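Listed below are the residues making up each chain.
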Amino acid sequence: MLVSTTEQIFDYFPHYKEVVTLLRKLAKNTLEKKGNKPLLLFTSGCKDYGMSPYLATSPDLDPHTEESPLNPPPFAIDRANGTKKIFENEDVVDVVVLRPTNVYGGNSSYYGLFFIAGENAKKKGVLEIDEDPETVLHAMHVDDCGDAYVALAEYGDRKAISGQCFNISAREYETLNDICKALVREYEIEGGLKYVKGEEGRKAPDENIDRMLMGFSQWIGSDKLRKQTGWSDRRLLFTEGIHQYRIAFEEARNKGLGVLQAFVKK
């Protein structure tokens, strides 16, 4: 079995081509020695679907499913196209494409920005947010995400999953307001939470990392994966386990681990 979870999002295809070259070499070696194609779990991302057109309060809100059309924001266009191209390698591998949400736990990946926002708000005395409080934010614990990969890797009927895409997401989404209220409690921010209007002409969500996290409204359905493999997420949602996730984030930062080192200067 082969698993690819790496990308160079802002210069996608040079890195993609190198990864595919390596994967094909490994797959051919397995095919020659064992006579069977290996399974390739290839990671893309749920932002390939684009933002949900509605907020949590809308009666028309529906989750993105594997049947939803791809409508990636500019930064994810090459990735979405690369995902389509990966199926061209089915001469040597059985391909399954995965689209996970953001993850937290451990270093918290991009969700670490919430902890940074909490720390800054503690110093300032108030948490000011310039996004809609009903923005839909869907993420999951990194270990639940890993379990989903294992569930597919161990699935007995290869033909039933090969050539398909699977979303990976937690059992529930949370709203920006849910998370911000949890931050206020966790950091004991005296001035509480305040929603403010953003600056005129501010950058779009795909051009600013804070807005990409806090302003990218999206609900991702994972029923297909659950029904196919029996997988389910088991860890606490972000707001439920925010204290333990904060401790893990701070420990990872102190060790110099994680993807947000440029944003967590002490």
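Sequence order as written defines the numbering, with residues in each chain counted from 1. It should be noted that, the model being predicted, local features are given only for residues of pLDDT at least 70 and side-chain atom pairs only at 80 or more, the latter also being counted only at that level, while totals for whole chains, interfaces and linings use all residues. Computation of side-chain values covers all heavy atoms of the structure but excludes hydrogens and water.

Student: Before we move on, can you summarise the pattern of salt bridges with the specific residues and values?
Tutor: When a carboxyl oxygen of Asp or Glu is within 4 Å of a side-chain nitrogen of Lys or Arg, the pair counts as a salt bridge. Scanning the entire structure with this criterion turns up 18 salt bridges. Residue Glu 250 pairs with Arg 246 through a salt bridge whose shortest N-O separation is 3.0 Å. Here Glu 250 and its partner Arg 246 are both found in helix H9 (residues 242–254), four residues apart, which amounts to about one turn of the helix. In the salt-bridge network here, residues are joined through shared partners; they are Glu 7, Asp 48, Arg 79 and Arg 99. Labels follow the DSSP assignment, with helices taken as runs of H or I lasting at least four residues and strands as runs of E lasting at least two, numbered in each case from the N terminus.

Student: Residue-level account of the side chain of Asn 102, with values.
Tutor: You can see Asn 102 is positioned in strand S4 (residues 102–104). Partly exposed describes any residue whose relative accessible area lies between the buried limit of under 20% and the exposed limit of over 50%, with all areas from a 1.4 Å probe on protein chains only and scaled to the type maximum. The buried category is assigned to Asn 102, whose relative accessible area is 19%. Setting aside residues up to four positions removed in sequence, Asn 102 forms contacts with Lys 47, Tyr 110, Tyr 111, His 138, Ala 139, Met 140 and Leu 213. Should any heavy atoms of two residues lie within 4.5 Å, those residues are counted as being in contact.

Student: Can you tell me about the nonpolar core, naming the residues and giving the values?
Tutor: In plain words, nonpolar cores are sets of buried Ala, Val, Leu, Ile, Met, Phe, Trp, Tyr and Cys residues tied together by side-chain atoms within 4.5 Å. Of all hydrophobic cores here, the largest spans 44 residues; its most connected members are Tyr 111, Phe 114, Leu 127, Ile 168 and Phe 238. Excluding anything up to four places from it in sequence, Tyr 111 contacts Asn 102, Val 103, Tyr 104, Leu 137, His 138, Ala 139, Ile 179, Leu 213 and Phe 238. By size, the runner-up hydrophobic cluster in this structure holds 15 residues, among which are Ala 27, Leu 40, Ile 86 and Val 93.

Student: Break down the environment of Ile 220 for me, citing the residues and quoting the values.
Tutor: Along the polypeptide, Ile 220 turns up in the loop between helix H7 (209–214) and helix H8 (223–229). A relative accessible area of 2% places Ile 220 in the buried class. Measuring from C-alpha to C-alpha, the distance between Ile 220 and Gly 241 comes to 21 Å, with 21 residues separating the pair along the chain. Look past the residues within four positions of Ile 220 in its chain and what remains in contact with it is Cys 46, Tyr 49, Pro 63, His 64, Thr 101, His 138, Asn 167 and Ser 169.

Student: Go over the confidence of the model for the chain, please, and point to the residues and values.
Tutor: Every residue gets a pLDDT, meaning the predictor's confidence in that residue, from 0 to 100. Residues with a pLDDT of 70 or more make up 92% of the chain, whose mean pLDDT is 92. With pLDDT under 50 throughout, residues 262–266 is counted as low confidence; its partners more than four residues away or in other chains account for seven contacts.

Student: Which residues make up the packing of helix H3 (residues 112–124) against H9, and what values do they have?
Tutor: For the pair H3 and H9, interaxial distance at closest approach is 10 Å and the crossing angle is 95°. One way to sum up the angle between H3 and H9 is to call them roughly perpendicular. Listed contacts from H9 to Gly 112, Phe 115, Ile 116 and Glu 119 of H3 are Ile 242, Tyr 245, Arg 246, Phe 249, Glu 250 and Arg 253. Three classes are used, and their members are as follows: Ala, Val, Leu, Ile, Met, Phe, Trp, Tyr, Cys and Pro are nonpolar, Asp, Glu, Lys and Arg are charged, and the others, Gly among them, are polar. Each residue belonging to the contact of H3 with H9 can be placed in one class, and the counts come to five nonpolar, one polar and four charged. Every axis corresponds to a line fitted to the C-alpha atoms, with the helix fit spanning only the stretch in contact, and the corresponding angles, defined between N-to-C directions, vary from 0 to 180 degrees. Here roughly perpendicular refers to angles of 65 to 115 degrees, roughly parallel to angles under 35, roughly antiparallel to angles over 145, and oblique to all remaining angles.

Student: So what's going on with the environment of Ala 76? Residues and values would help.
Tutor: Within the secondary structure, Ala 76 is located in the loop between strand S2 (39–43) and helix H2 (77–86). Overall, Ala 76 belongs to the buried group, its relative accessible area being 0%. The spatial distance from the C-alpha of Ala 76 to the C-alpha of Ile 9 is 7.0 Å, given a sequence separation of 67 residues. Not counting chain neighbours up to four residues away, the residues in contact with Ala 76 comprise Lys 47 and Asp 48.

Student: With reference to specific residues and values, describe H9.
Tutor: Helices are assigned an expected span. That span is 1.5 Å times one less than the residue count. Between its terminal C-alpha atoms H9 stretches 18 Å, which fits the 18 Å expected from 13 residues at 1.5 Å a residue. Turning to H9, its buried residues number three or more, namely Ile 242, Tyr 245, Phe 249, Ala 252 and Arg 253. All buried residues of H9 project into a common sector of 100° when viewed along the axis, lining one side. Check the buried side of H9 and you find it contacts S4, H3, strand S7 (139–141) and helix H6 (176–187). After H9 finishes, the residue Gly 256 shows a positive phi value of roughly 75°. Along the arc lie the directions from the helix axis toward the C-beta atoms.

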